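# Secondary and tertiary structure notes
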Amino acid sequence: DDGRGMEPAELDKIFEPFYTTSRSGGNMGLGLHIVFNLVHQQLRSKITCTSQPGVGTTFKILINGTAVRQVGKPGTGSLT
């Protein structure tokens, strides 16, 4: 996406259960933890995340050794 991006300290924790930067907003911090576990345990695949503050965040999923095509258009915030 082309949102605010994340600092390295945030990025290191995003897949941990109950990690959130917005607990006051009602978030529990389980969403990415659930995605991580589904990708690793159910699909036996891999998910990675890269991010830069002020630039945005990219998630990549490698399913059984095959890269999945990118669905977002960098810099636009839209999906294809």
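For the structure itself, consult the block above.
A brief structural summary. In every chain, residue numbers begin from 1 and rise along the written sequence. In view of the model being predicted, local features appear only for residues whose pLDDT reaches at least 70, and side-chain atom pairs are presented and counted only at 80 or more, with totals across whole chains, interfaces and linings using the full set of residues. Think of the side-chain values as coming from all heavy atoms in the structure, minus any hydrogens and water.

## Observations regarding the overall build of the protein
Going along the chain from the N terminus, every DSSP run of H or I of four or more residues is numbered as a helix, and every run of E of two or more is numbered as a strand. Broken down by element type, the protein carries 2 helices and 5 strands. Reading the secondary structure of the protein in the N-to-C direction produces α-α-β-β-β-β-β. For every residue, the accessible area obtained with a 1.4 Å probe (protein chains only) is divided by the maximum for its type, and the residue is called buried under 20%, exposed over 50%, and partly exposed between those limits. Across the 80 residues in the protein, those meeting the buried criterion constitute 16%. Here a residue-residue contact requires only that any non-hydrogen atoms of the pair lie within 4.5 Å. For the protein, contacts bridging at least 24 residues in sequence account for 37% of all contacts bridging at least 6. We get accessible surface area from the Shrake-Rupley algorithm with a probe of 1.4 Å; when it comes to residues, only the shown protein chains can shield them. Split by element, the accessible area of the protein, about 5,800 Å² in all, is 57% carbon and sulfur.

## With respect to the environment of Tyr19
Inspection of the secondary structure puts Tyr19 in the loop between helix H1 (8-11) and helix H2 (31-42). Separated by 12 residues in the primary sequence, Tyr19 and Gly31 place their C-alpha atoms 9.4 Å from one another. Excluding its chain neighbours within four sequence positions, the residues that come into contact with Tyr19 are Glu10, Lys13, Ile14 and Gly29.

## Some remarks on the pairing of strand E1 (residues 46-52)
Because side chains alternate across E1, one face comprises the buried residues Ile47, Cys49 and Ser51, and the other comprises Lys46, Thr48, Thr50 and Gln52, none of which is buried. When DSSP finds at least two bridges between two strands, those strands are taken to pair. As judged from the 7 bridges shared by E1 and strand E2 (residues 56-63), these two strands associate in the antiparallel manner. In the sheet register, Thr48 faces E2, and the bridge partner there is Lys60. Where E1 folds back on E2, the antiparallel hairpin that results is connected by 3 residues, among which Gly54 adopts a positive phi of roughly 80°.

## Notes on unusual backbone geometry
Positive phi is not limited to glycine here, since Phe18 has a value of about 70°. According to the relative accessible area criterion, Phe18 is partly exposed, its value standing at 49%. You will see that Arg44, though not glycine, has its phi angle at about 50°, which is positive.

## Thoughts on a nonpolar patch on the surface
On the surface, a cluster of nonpolar side chains totalling about 210 Å² of accessible area is made up of Leu32, Val35 and Phe59. Within the secondary structure, Val35 sits in helix H2. Excluding any residue in a salt bridge, patches collect residues exceeding 30% relative accessible area, merging like charges within 9 Å and nonpolar Val, Leu, Ile, Met, Phe, Trp and Tyr side chains within 5 Å. Salt-bridge detection follows one rule: a side-chain nitrogen of Lys or Arg within 4 Å of a carboxyl oxygen of Asp or Glu.

## A closer look at the side chain of Ser51
By the secondary structure assignment, Ser51 is in strand E1. In protein, a polar contact means a hydrogen-donor-capable atom and an acceptor-capable atom, both N or O and within 3.5 Å, with residues adjacent in sequence counting only if both atoms are side-chain atoms; elsewhere, any N or O pair within 3.5 Å suffices. For Ser51, the side chain forms a polar contact with the main-chain nitrogen of Met6, separated by 2.7 Å.

## Details of H2
End to end, H2 covers 16 Å across 12 residues, agreeing with the expected 16 Å (1.5 Å per residue, within 8%). Just downstream of H2, Arg44 is the residue with a positive phi angle, here 50°. The span you would expect from a helix comes to 1.5 Å times its residue count less one.

Everything listed here is a matter of coordinates, which is why it stays silent on function.
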